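# Descriptive analysis of the structure
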Amino acid sequence: MPMTTAPSEVPHPPYSTAHPLRTIRDIRESLPDDQRRHFDAELADTEIEALPEMLNP
């Protein structure tokens with residue numbers, strides 16, 4: 001699968017049309033401040049292997 005590069009030079013997979021929120025940053029920025037703090041806390045304590053399940057319940 002081809003990769004695109006974000007301005008930060010971190011490679012990302014190309015966008016799909018499946019969901020309007022494409023990145024964790026997109027999800028985070030779409031939340032109100034109180035939910036954003038909770039999201040940050042949950043994400044900080046989530047093991048990397050659990051991310052797909054956390055993001056795609």
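Along each chain, the written sequence defines residue order, and numbers are assigned to residues from 1. Given that this is a predicted model, residues contribute local features only at a pLDDT of at least 70 and side-chain atom pairs are listed and counted only at 80 or more, while totals for whole chains, interfaces and linings are drawn from all residues. The basis for the side-chain values is all heavy atoms of the structure; hydrogens and waters are excluded.

What follows concerns the overall build of the protein. The helix count covers DSSP runs of H or I at least four residues long, the strand count covers runs of E at least two residues long, and both are numbered beginning at the N terminus. When its secondary structure is counted, the protein shows three helices and two strands. Start at the N end of the protein and walk to the C end: the helices and strands fall as β-β-α-α-α. Among the 57 residues that make up the protein, the fraction classed as buried is 7%. Residue contacts are counted whenever heavy atoms from the two residues lie within 4.5 Å of one another. The contacts in the protein between residues at least 6 apart in sequence include a share of 6% that link residues at least 24 apart. Exposure is judged per residue with a 1.4 Å probe applied to protein chains only, and the accessible area is read against the type maximum: over 50% gives exposed, under 20% gives buried, and values in between give partly exposed.

Attention now moves to the confidence of the model for the protein. The pLDDT score gives, residue by residue, the confidence of the prediction method on a 0 to 100 scale. Averaged over all residues, the pLDDT of the protein equals 76, while 65% of them reach at least 70. Here strand E1 (residues 4-5) stands out as the least confident element of the protein, with mean pLDDT 50; helix H2 (residues 33-44) is the most confident, with 92.

This part covers the pattern of salt bridges. Should a side-chain nitrogen of Lys or Arg be within 4 Å of a carboxyl oxygen of Asp or Glu, the pair is scored as a salt bridge. Inspection of the entire model under this criterion finds two salt bridges. Where Arg-28 meets Asp-40, a salt bridge forms, and the shortest distance between an N and an O atom there is 2.7 Å. Of this pair, Arg-28 sits in helix H1 (residues 24-29) while Asp-40 sits in helix H2; the two residues are twelve residues apart in sequence, bridging distant segments of the chain. Exposure remark for Arg-28: the relative accessible area of 31% places this residue in the partly exposed category. One salt bridge connects Arg-36 with Asp-33, and the closest N-O pair in it is separated by 3.3 Å. In this pair, Arg-36 and Asp-33 are both assigned in helix H2, three residues apart and thus about one turn of the helix distant.

For the rest of this paragraph, the subject is the environment of Leu-55. With respect to the element layout, Leu-55 can be found in helix H3 (residues 51-55). By relative accessible area, which is 32% here, Leu-55 ends up partly exposed. Put simply, Leu-55 and Ile-27 are 28 residues apart on the chain and 9.6 Å apart in space, counted from C-alpha to C-alpha. For Leu-55, the contacting residues outside a window of four places in its chain are Ile-24 and Ile-27.

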